[in-house]
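Spelled out from the first residue to the last, the chains are:
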Amino acid sequence: MKISDARFAGSSTKISEKPATKLPEFAFIGRSNVGKSSLINMLCNNRKLAMTSATPGKTKLVNHFIINNEWYLVDLPGYGYAKMNQKDRQKLHDIISNYLNFSKEMVMIFVLIDSRHDIQKVDLDFMNELVENEIPFGIIFTKGDKMGPVALQRQIEKYQNNLLEHWAGLPPCFSSSAQTGLGKEEILNYIESVLKNDSNI
C-alpha cells in the first residue's frame, strides 16, 4: 500500500464525536515516549501530521486521520504516565476504553512497544485486557534503529518468548524505525491485506 493522501479528520473524547463518515479504523497506542507520533508520520509520509513532542502524554484526544479516503488511522492517547495525577489518568483511561469497547468501525489496534526494553507490566496488562475482551491487535516494536539488526532480532525474540509464557500464540509483530523507515512497507501491506480479506469490512 502507498499512502498518497493523509489528512486530519477530527478529534474526539467519545464515540459520538467521531467523524461522520464511517470507514474502517486502525488504531495506534503505546506507553509515553514510545515514538507513536513519529511512527504515524513516517507511515503517512508527513512529518507534521501527528504532533510529536519530547514531553510524554501530549496526545489526550482520539485523533482520526483519513487515509487515501479509504480508512482511518486513529491516534489514541497513551497509557502508563507515571507523572500524571490519578484524575487525569482515569480520564485518559475512560477515553481509551470508550473507543476500544464501542467503536464499531475499529478493525484492530496496534500496540507500540519500545524495542530496547524488556517486557513491561503496564504493556502486558494492557495487552492482556485486549485478549480478554477479544479485541484484535498487533504489536509494533519501535526505535529499531537504536541497536544493530542482530541485537534487535534477539531482543524481539526474547520479548515474544516472554509473551508465550502467558499466551498460546502471538499476534502479528512488526519491527519499525521512524528514522530509517524500517517496517513501513510491512505494516502498510498488512493493513491493506486486512482491508481486502476481511469480509466484515
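Before reading on, note that the structure itself is shown above.
The biggest cluster of nonpolar side chains holds 32 residues, and the ones touching the most others in it are Leu 76, Leu 100, Ile 109, Val 111, Phe 126 and Met 127. When contributions to this core are tallied by element, the ones reaching two or more residues are strand 2 (25–30), strand 3 (62–67), strand 4 (71–75), helix 2 (86–102), strand 5 (106–114), helix 3 (121–132), strand 6 (137–142) and helix 4 (149–163). Leave out the neighbours within four places in its chain, and Leu 100 touches Leu 76, Met 106, Ile 109, Phe 126, Leu 130 and Ile 135. Within the second largest apolar cluster, 27 residues are counted, among which are Ala 6, Phe 28, Leu 73 and Leu 112.

A separate point is the pattern of salt bridges. Evaluation of the coordinates by the stated rule reveals 11 salt bridges. Notably, a salt bridge pairs Arg 31 with Asp 123, separated by 2.9 Å at the nearest N-O pair. Pair noted here: Arg 31 is in the loop between strand 2 and helix 1 (36–43) and Asp 123 is in helix 3, with a separation of 92 residues, a long-range link. Of the two residues, Arg 31 and Asp 123, neither departs from the other in class, the shared state being buried. Two residues, Asp 114 and Arg 116, come together in a salt bridge whose shortest N-O distance is 2.8 Å. The exposure class of Asp 114 is buried, given its relative accessible area of 4%. The partly exposed category is assigned to Arg 116, whose relative accessible area is 37%. Where salt bridges share partners, they join Lys 18, Glu 25 and Glu 105 into one cluster.

The next subject is the packing of aromatic side chains. By the definition in use, this model includes nine aromatic pairs. Measuring from ring centre to ring centre gives 5.0 Å for Phe 28 and Phe 110, while their planes differ by 35 degrees; the resulting arrangement is tilted. With Phe 28 in strand 2 and Phe 110 in strand 5, this residue pair connects regions lying 82 residues apart in the sequence. When sorted by exposure, Phe 28 lands in the same class as Phe 110, which is buried. Relative to Tyr 159, the ring of Phe 141 has its centre 5.3 Å away and its plane inclined at 80 degrees; by these criteria the two rings are edge-to-face.

Among the six residues that make up strand 3, six are buried, leaving the element largely enclosed by the rest of the structure. Neither face of strand 3 is left uncovered, since the one carrying Val 62, His 64 and Ile 66 and the one carrying Asn 63, Phe 65 and Ile 67 both have all their residues buried. Pairing between strand 1 (residues 6–12) and strand 3: six bridges, direction antiparallel. Looking across to strand 3, one finds that Gly 10 is bridged to His 64. Pairing analysis gives five bridges linking strand 3 to strand 4, with the strands arranged antiparallel. Bridge assignment links Asn 63 to a residue of strand 4, and that residue is Asp 75.

On to the sheet that holds strand 2, then. Here seven strands make up an open sheet; going across it, the order is 1-3-4-2-5-6-7 and the pairing mixed. Unpaired on one side and paired on the other, strand 1 and strand 7 (173–175) mark the two borders of the sheet. Between one strand axis and the next, the sheet turns by 25 degrees as a mean value, whatever way the strands run. Sheet topology places strand 6 next to strand 7; three bridges connect them, and they run parallel. Along strand 7, the bridge assignment pairs Ile 139 with Cys 173. Together, strand 2, strand 4, strand 5, strand 6 and strand 7 form the strand contacts of helix 5 (residues 184–197), whose direction differs from that of strand 5 by roughly 160 degrees.

Looking now at the environment of Ile 67. Tracing the sequence through the fold places Ile 67 in strand 3. According to the relative accessible area criterion, Ile 67 is buried, its value standing at 0%. A C-alpha to C-alpha distance of 9.1 Å links Ile 67 and Phe 8, two positions 59 residues apart in sequence. The contact partners of Ile 67, leaving out residues within four places of it in the chain, are Ile 3, Asp 5, Ala 6, Cys 44 and Leu 73.

What counts and how
Residue positions are given per chain, counting from 1 as you read along its sequence in written order. In view of the model being predicted, local features appear only for residues whose pLDDT reaches at least 70, and side-chain atom pairs are presented and counted only at 80 or more, with totals across whole chains, interfaces and linings using the full set of residues. Based on all heavy atoms of the structure, the side-chain values leave hydrogens and waters out of the count. In plain words, nonpolar cores are sets of buried Ala, Val, Leu, Ile, Met, Phe, Trp, Tyr and Cys residues tied together by side-chain atoms within 4.5 Å. Think of it in three bands: residues with accessible area under 20% of the maximum for their type are buried, residues over 50% are exposed, and the middle band is partly exposed, with areas taken using a 1.4 Å probe on protein chains only. Helix and strand assignments follow DSSP, with helices taken as H or I runs no shorter than four residues and strands as E runs no shorter than two, numbered in order from the N terminus. Between two residues, a contact is recorded if the distance between any of their heavy atoms is within 4.5 Å. A side-chain nitrogen of Lys or Arg and a carboxyl oxygen of Asp or Glu constitute a salt bridge if their distance falls within 4 Å. Between 30 and 60 degrees the pair is tilted, below 30 it is stacked and above 60 it is edge-to-face, where a pair is any two Phe, Tyr or Trp rings, Trp via its six-membered ring, whose centres lie within 6.5 Å. For two strands to be treated as a pair, DSSP must find at least two bridges joining them. Angles run from 0 to 180 degrees between N-to-C directions of axes, and those axes are lines fitted to C-alpha atoms, restricted for helices to the stretch in contact.

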